[in-house]
Amino acid sequence: MAPNLATRLATPVHVVTPAPHLGLTWDISAQEDCHGIAELVVTTEAESAIVRRTPDKEIMRWATRDDPDAIVKNLVGKDSLGQIQAFGAVRVPIDETTQARAELFAVTRKKWRKRGIGRALLAWQDAMARQILLQHFGENSLLPVRILNVVEEHMVDRRLMYVAAGFSPKTSIGVYVSDLSADPGIRPPKGTVIRSWEPRFDAEARSLYTSTQAHLGATEAESRKWWNRGKRLFSEELSFALFNEEGQMNAVALTCKHSDVWLSSGKVDGAIDLVAQRSYHDAPGVEALISHISSQARAQDLRGLSIESVVRAPGDAHLRLMRLGFQKIASRRVYRIDL
């Protein structure tokens, strides 16, 4: 029998905040800190040339700890003038039934880096994550544990910091954009047809998406979160499904129009956010869907589209997206501790 959660987590008795000699004082966020935290995140991500920016609503969930689907703890680091210079948070989803997972988020202002603050903040996050997981799931739980964060690959110092703290690089995610200048003109495979999104497609599309994400290693709770988030933002006129001759859905692609730019490039105002296919053999159908969405986006005067793709094998999804007129602008890597 696998060791229980208490044994695997080895949770410290006390969660220690970063030491005073690092130059900042630490406390949980207050309501009046929210604006400063948002400014810190936006400024820091710009200074670090982060391509995949943190959306405003997500920043507020970290800052306010107000998340009905998770337990969120955070820590704010202020200088002697009371200005916020660092921020870290831990989020543990409470609806997971297949794994005990903790997600991390942290930023440090550029002028305060290389002083050990990042390492100390990560140590606090790791200890806090273990404490929350133990309290929420119980010491006798046998669920697998994941503690994770996503780091853009050009952030070499941050990646090395995670490795030094015991995290391992796992999934790689490519970020691609198209300026819609080219028309791929890819037709759907023989015996299939592209149909505009209708509400009655929802159940079948959701099931297909959950299955696709499970194949990529996601839990049902993760898939549900991503699907619900995408459905809240999606544009019906830019979302389509591919059906075979028997009326079965082979693939689906839902597109969001962004009211705020989440990529550092201001030339992208739409994202193909939810993509699913029944099997590997339906990849040509997905290409046809993306080609069709690109044509429709161009007709609606969108400036550009983005899409993220999990990189499983060299050249596979990358070459398909290149054929569709997309260019890779960044890579993101999931760093994880598995227990």
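Residues numbered from 1 in each chain as written. Predicted model: local features only at pLDDT ≥ 70, side-chain atom pairs only at ≥ 80, totals over all residues. Heavy atoms only, no water.

Enquirer: Give me the environment of Tyr-209: which residues, what numbers.
Expert: Mapped onto the secondary structure, Tyr-209 falls in helix α6 (residues 202-215). When the C-alpha positions of Tyr-209 and Ala-251 are compared, they lie 8.9 Å apart, and in sequence the two are 42 residues distant. The contact partners of Tyr-209, leaving out residues within four places of it in the chain, are Ser-223, Trp-226, Trp-227, Leu-274, Val-275 and Ala-276. (Helix = DSSP H or I, 4+ residues; strand = E, 2+ residues; numbered from the N terminus. Contact = heavy atoms within 4.5 Å.)

Enquirer: Lay out a positive patch on the surface with the relevant residues and their values.
Expert: Residues Lys-57, Arg-61, Arg-229 and Arg-232 make up a contiguous surface patch of positive charge. When contributions to the positive patch are tallied by element, the ones reaching two or more residues are α3 (56-64) and α7 (220-233). Relative to the elements of secondary structure, Lys-57 occurs in helix α3. (Patch = residues over 30% accessible without salt bridge, like charges linked within 9 Å, V, L, I, M, F, W, Y side chains within 5 Å. Areas by Shrake-Rupley, 256 points an atom, 1.4 Å probe, with all protein chains shown as cover. Salt bridge = Lys/Arg side-chain N within 4 Å of Asp/Glu carboxyl O. Lys, Arg positive; Asp, Glu negative; His and termini not counted. Charge placed at Lys NZ, Arg CZ, Asp CG, Glu CD.)

Enquirer: Give a detailed account of the packing of helix α2 (residues 34-47) against α3, specifying residues and quantitative values.
Expert: Axis separation between α2 and α3 bottoms out at 10 Å; the angle between their running directions is 130°. The angle between α2 and α3 places the two elements in the oblique class. Along this stretch, α2 crosses α3, giving a crossing that reads as right-handed. Across the interface between the two elements, Cys-34, Ile-37, Ala-38, Val-41 and Val-42 from α2 touch Ile-59, Met-60, Ala-63 and Thr-64 from α3. Looking at the contact of α2 with α3 residue by residue, the classes come out as eight nonpolar, one polar and no charged. (Axes fitted to C-alpha atoms, helices over the stretch in contact; angles between N-to-C directions. Parallel < 35°, antiparallel > 145°, perpendicular 65-115°, else oblique. Left-handed = near helix turned anticlockwise from the far one by under 90°. Nonpolar A, V, L, I, M, F, W, Y, C, P; charged D, E, K, R; others polar.)

Enquirer: Account for the nonpolar core, with residues named and values stated.
Expert: Formed by 35 residues in total, the largest nonpolar core has its most connected members in Val-90, Leu-133, Ile-147 and Phe-167. Listed by contribution, the elements that provide at least two residues to this core are α1 (5-9), β3 (84-93), β4 (100-108), α4 (117-137), β5 (145-152), α5 (156-164) and β12 (327-338). Counting residues per element, this core draws most heavily on α4, at 10 residues. With residues near it in sequence (within four places) discarded, Leu-133 still touches Leu-5, Leu-9, Val-92, Ala-100, Arg-101, Ala-102, Gly-138, Val-145 and Ile-147. Formed by 19 residues, the second largest nonpolar core is a distinct cluster that contains Val-286, Ala-297, Leu-302 and Phe-326. (Core = buried A, V, L, I, M, F, W, Y, C linked by side-chain atoms within 4.5 Å. Buried < 20%, exposed > 50% of the residue type's maximum accessible area, 1.4 Å probe, protein only.)

Enquirer: Can you break down unusual backbone geometry residue by residue, with the values?
Expert: Notably, Lys-114 is not glycine yet its phi reads approximately 65°, a positive angle. Mapped onto the fold, Lys-114 is located in the loop between β4 and α4. For Lys-114, a relative accessible area of 77% gives the class exposed. The backbone of Leu-180 sits at a positive phi, close to 65°, despite the residue not being glycine. Secondary-structure assignment places Leu-180 in the loop between β6 (168-178) and β7 (192-196).

Enquirer: Lay out α4 with the relevant residues and their values.
Expert: Compared with the 30 Å implied by 1.5 Å per residue over 21 residues, the 30 Å span of α4 between its first and last C-alpha is a close match. Positive phi appears at Gly-138, one or two residues downstream of α4, with a value of about 90°. (Expected span 1.5 Å × (residues − 1).)

Enquirer: Provide a residue-level description of the pattern of salt bridges, including the pertinent values.
Expert: A complete count under the given rule lists 23 salt bridges for this structure. Asp-95 serves as the salt-bridge partner of Arg-224, at 3.3 Å between the closest nitrogen and oxygen. Of the two residues, Arg-224 is situated in helix α7 and Asp-95 in the loop between β3 and β4; the sequence distance between them amounts to 129 residues. Exposure remark for Arg-224: the relative accessible area of 31% places this residue in the partly exposed category. Judged by its relative accessible area of 31%, Asp-95 is partly exposed. Note that Glu-103 and Arg-101 form a salt bridge whose closest N and O atoms lie 3.1 Å from each other.

Enquirer: Hey, could you go over the environment of Glu-139 for me, with residue numbers and the actual values?
Expert: For Glu-139, the location among the structural elements is in the loop between α4 and β5. The exposure class of Glu-139 is partly exposed, given its relative accessible area of 47%. Residues Glu-139 and Arg-115 lie 24 residues apart in sequence; the distance between their C-alpha atoms is 36 Å. Not counting the four nearest positions on each side in its chain, Glu-139 is found in contact with Asn-4, Leu-5, Ala-6 and Leu-134.

Enquirer: Summarise the pairing of β5; cite the residues concerned and give the values.
Expert: Two faces belong to every sheet, and in a regular strand the side chains alternate between them. The buried fraction of β5 amounts to six of the eight residues, a majority that puts the element mostly inside the structure. Note: β4 against β5, four bridges, orientation parallel. The residue bridging Glu-103 from the neighbouring strand is Leu-148, located in β5. As a crossover connection, the stretch from β4 through α4 into β5 is right-handed. (Pairing = 2+ DSSP bridges. Right-handed = clockwise from strand over helix to strand, strands pointing away.)

Enquirer: Tell me about the confidence of the model for the protein chain, and please be specific about residues and values.
Expert: Scored by pLDDT, the protein chain comes out at a mean of 88, with 95% of its residues at no less than 70. For the protein chain, helix α9 (residues 316-323) is the element with the lowest average pLDDT, namely 77, and β3 is the one with the highest, namely 96. (pLDDT = per-residue confidence, 0-100.)

Enquirer: Which residues make up the packing of α6 against α7, and what are the values?
Expert: Put simply, α6 and α7 touch, their axes get as near as 9 Å, and they point 135° apart. The angle between α6 and α7 places the two elements in the oblique class. Once α6 is placed against α7, the crossing between them reads as right-handed. Where α6 approaches α7, its residues Asp-202, Ala-205, Arg-206, Tyr-209, Thr-210 and Gln-213 are matched on the opposing element by Glu-220, Ser-223, Trp-226, Trp-227, Asn-228 and Lys-231. In the contact of α6 with α7, the residues fall into four nonpolar, four polar and four charged.

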